[in-house]
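Residue-level listing of the chains:
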Amino acid sequence: MYDIVLCTLPFVNIDHIYSGPAVLKGALVQHGYKVKTVDFGCDLFKLCNKDAEKLYKVQNYFLTPDKCIDPDDQLIIDSFYEFVVNFLKNNPAR
């Protein structure tokens, strides 16, 4: 069991590296915490078959959840939610 799970959530740009979670993890580990980091943006990118246009289209849902989306995108979003829930169940934190 981890003390802390640090998550990077969509909206992400796939051409950027987000160093914040790694820096926070390093500081927390130095103080004795057991920490796990996860980039859910990368996982969403994989669910979009590594298609950048699809990723940016799907990510817009998280900015405007009342937005109408097509059924294929809804399947990706539903799979993403299921993936996140399963990840957190399998990586519990205090």
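Visitor: Where do I start with the packing of helix α2 (residues 40-47) against helix α3 (residues 52-63) in this structure?
Guide: Helix packing geometry: the angle between the two helix axes and the distance between the axes. The contact between α2 and α3 brings their axes to 9 Å, and the two run at 120°. Comparing the axis directions of α2 and α3 gives the class oblique. In terms of crossing hand, the pair formed by α2 and α3 is right-handed. In contact with Gly-41, Leu-44 and Phe-45 of α2, α3 contributes Ala-52, Leu-55, Val-58, Gln-59 and Phe-62. Classifying every residue of the contact of α2 with α3 gives six nonpolar, two polar and no charged.

Visitor: I tried to follow the pattern of salt bridges on my own but got confused; where do I start?
Guide: It is possible for side chains of opposite charge to pair when their charged atoms get near one another. Under the defined criterion, the tally for this structure stands at four salt bridges. Across the pair Lys-57 and Asp-70 runs a salt bridge, and its minimum N-O distance is 2.8 Å. Of this pair, Lys-57 sits in helix α3 while Asp-70 sits in the loop between α3 and α4 (71-90), and the two are 13 residues apart along the sequence. Residue classification places Asp-70 among the partly exposed positions, given a relative accessible area of 27%. Between Asp-73 and Lys-57 there is a salt bridge whose closest N-O contact spans 3.3 Å. With Asp-73 in helix α4 and Lys-57 in helix α3, this pair connects stretches of sequence that are 16 residues apart. Here Asp-73 falls in the buried class, since its relative accessible area comes to 1%. Residue Lys-57 is classed as partly exposed on the basis of its relative accessible area, which comes to 40%. Among the charged side chains, a salt-bridge network with shared partners connects Lys-54, Lys-57, Asp-70 and Asp-73.

Rules used in this analysis
Residues numbered from 1 in each chain as written. Predicted model: local features only at pLDDT ≥ 70, side-chain atom pairs only at ≥ 80, totals over all residues. Heavy atoms only, no water. Axes fitted to C-alpha atoms, helices over the stretch in contact; angles between N-to-C directions. Helix = DSSP H or I, 4+ residues; strand = E, 2+ residues; numbered from the N terminus. Parallel < 35°, antiparallel > 145°, perpendicular 65-115°, else oblique. Left-handed = near helix turned anticlockwise from the far one by under 90°. Contact = heavy atoms within 4.5 Å. Nonpolar A, V, L, I, M, F, W, Y, C, P; charged D, E, K, R; others polar. Salt bridge = Lys/Arg side-chain N within 4 Å of Asp/Glu carboxyl O. Buried < 20%, exposed > 50% of the residue type's maximum accessible area, 1.4 Å probe, protein only.

All quantities given are derived from atomic positions and should not be read as evidence of function.
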